[in-house]
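# Structural description and commentary
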Amino acid sequence: MTVASARKHLRLYFKLQLMQLRSTVEYAADFWIGIVGAILMQTTGLVFISALFSQIPQVAGWSVWNIVLLYGLAMVPKGLTELFCDGPWTLRAKVNSGEFDRVLVRPISPALQSASAIVSIHGFGQVMLYLGLSRSDAAIAWWTIPYLAVIILCGAVLIGALNFAINLTGFWEPSAQSALPTMLALMIDFAKFPLDIYNGIIRTAVTEVIPYAFISYFPALVLLDRDSDWQWLGWCTPLATAWTVFATSWLWGKALNRYQGVGH
Amino acid sequence: MASQVRAEPRPKYLSIAQTAFQQAITYRVTTLTNIVLTFIWVFILYFLWKAAFNESAMIQGFTWDDMRTYVVIAFGLNALIGWRISANMMLTIRTGDILRDLTRPLNYCLNQVSVATGAAMVEGILSLGLTMVVGLVFIGIQPPATPLAAVLFLVAVLIGFLTNALIVFSISLLTFWTLNGVGIAWSREAVINILSGTIIPLAMMPGWLRIIADVSPMRGIVSTPLMIYLGKAEGSEALALLALSAAWLVAMWLFANWAWQAAFNRVEIQGG
């Protein structure tokens, strides 16, 4: 891709995103109800954590603020994705109704058209990340801030790519609704708690199958400088992201070739 | 003139429930994946509590055996009213399908509760069944404390289910004012998950939350049945809890019907 075409795509993306913003603001009350709902959903997890840790000081050697840090690490990139790349969630409906035809005939990359959407804006994750980091007695080094920036950026790209990947199931499974993508997306909740507590199956699922652990758990090992054999994996987040993006784009090509329309 | 022999019509609300039952069977794959979805948090809670009970053998009167039984059954009970049931209640309003229901000589609230009951017969049996199988085989949950506890548990589950259906019905009426059903559903789910005791038993809540949860109608959905099941509430205490649940059920029924009248008076059909 040349620089010129990259710039063109970027400009188009922001145009599309602006359109999304306009249509969102059209129904202001609805938008705010969505945000309240999203915040309350996150509160559930927090109520649980505060109740759990009022009974015991730590779980598997992790204090309450360590867990808050994990939560923040998982939620900040998730929030960014909700803001910039939640469009894939409409793919299934488009494929099912044949509306995807319209996406294909436009002279813009179908992936670009499918990326933009604005679901929610909230700074919940940022607050938790800050609290978790400052109260965890984490040693702040010169590289902490750049490291965090890279991790969060990679995390957002990784979740964005996964948004695409899990919703491509709609190309193979023609039903109008499916809980499968929701389930795969919800598995990020596993990564909001230390992986040490789970059994092998769940650990494998969130590291090798859907690599959510690279967003929160492994980076947290680095940030907290925990004594763990897996700490080095915290430096592999960019690799995991690159691999996910690569796998998703391969899958995307397969999906597009498979699409047959519904006979309009 | 040939006399026509007509089959005796079934009681009306029963036949509504039966139709919903058949629909739920048709969409059984969706029903099943919805259930698997709730298992994510069952696993998270299971493993977290397991780690927690490694540090101390007894937490607020709960042993590890009690706790894993609680976690598994709590999610099974909460899943009795699945995402689809509540989404359908909202959708009838959004799409204008409500007109069809309005022309029938039926109590709309009871109509919707019947639909929920019919669907829950499938989702409920599947989810409770699956929960029990996973619970007994993999997690080793405990049986009810006594045979009497088992009977009272079932009564409490029924009352809790109807209360939950009425809460979901009342809240879906908000769709008359806003089109964002998802945001409302998220909020409702979050509040019910906390106050019913699904996420954490009432006994372990921080003081201020405990005060609210103790008297709220939501405790009848999960906490009350489970306290009876585990034998933590016996005799007069169990009866008092059941009485509270029953009182809330009556109150919710009156409220739901009043709210329905209020909402109906400002009804604005979406392009019907």
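Residues numbered from 1 in each chain as written. Chains lettered and ligands numbered in written order. Predicted model: local features only at pLDDT ≥ 70, side-chain atom pairs only at ≥ 80, totals over all residues.

### Let's talk about the environment of B:F53
Positionally, B:F53 belongs in helix 2 (residues 28–55). Non-local contacts of B:F53, meaning those with residues more than four positions away in its chain, are made with B:W64 and B:M67. (Helix = DSSP H or I, 4+ residues; strand = E, 2+ residues; numbered from the N terminus. Contact = placed C-beta atoms within 7 Å.)

### A short note on the interface of chain B and chain A
In this assembly, 35 residues from chain B lie in contact with 36 residues from chain A. For the side of chain B that touches chain A, the secondary-structure elements that each account for two or more residues are helix 2 and helix 8 (181–195) of chain B. At 15 residues, helix 2 of chain B tops the list of elements feeding residues into the side of chain B that touches chain A.

### Focus on the confidence of the model for chain B
The predicted model of chain B averages 83 in pLDDT, with 90% of residues at 70 or higher. Our summary of model confidence lists the complex with pTM equal to 0.85 and ipTM equal to 0.86. (pLDDT = per-residue confidence, 0-100.)

### Regarding the nonpolar core
A:L70, A:L158, A:A191, B:L48, B:V71, B:A165 and B:I228 are the most contacted members of the largest nonpolar core, which totals 142 residues. The greatest single-element share of this core, amounting to 14 residues, is contributed by helix 7 (residues 147–172) of chain B. (Core = buried A, V, L, I, M, F, W, Y, C linked by C-beta atoms within 7 Å. Buried ≥ 20, exposed ≤ 12 C-beta atoms within 10 Å, placed from the backbone.)

### Some points on helix 1 (residues 12–26) of chain B
Residues and elements named next belong to chain B. Relative to the 21 Å expected for 15 residues at 1.5 Å per residue, helix 1 spans 22 Å between its end C-alpha atoms, a close match to the ideal helical length. All buried positions along helix 1 are accounted for by I16, A17, A20 and A24. Down the axis of helix 1, the buried set is contained in an arc of 95°. They therefore lie on one face. Along helix 1, the residues that are exposed and aim more than 90 degrees away from the buried face are Q22 and T26. (Expected span 1.5 Å × (residues − 1). Arc of directions from axis to C-beta.)

### Side note on unusual backbone geometry
Residue and element names in this part refer to chain A. Even without glycine at this site, A60 takes up a positive phi of about 50°. Inspection of the secondary structure puts A60 in the loop between helix 2 (28–55) and helix 3 (64–84). A positive phi angle is found at D225, which is not glycine, with a value near 50°. Tracing the backbone through its elements, the reader meets D225 in the loop between helix 12 (217–223) and helix 13 (237–258).

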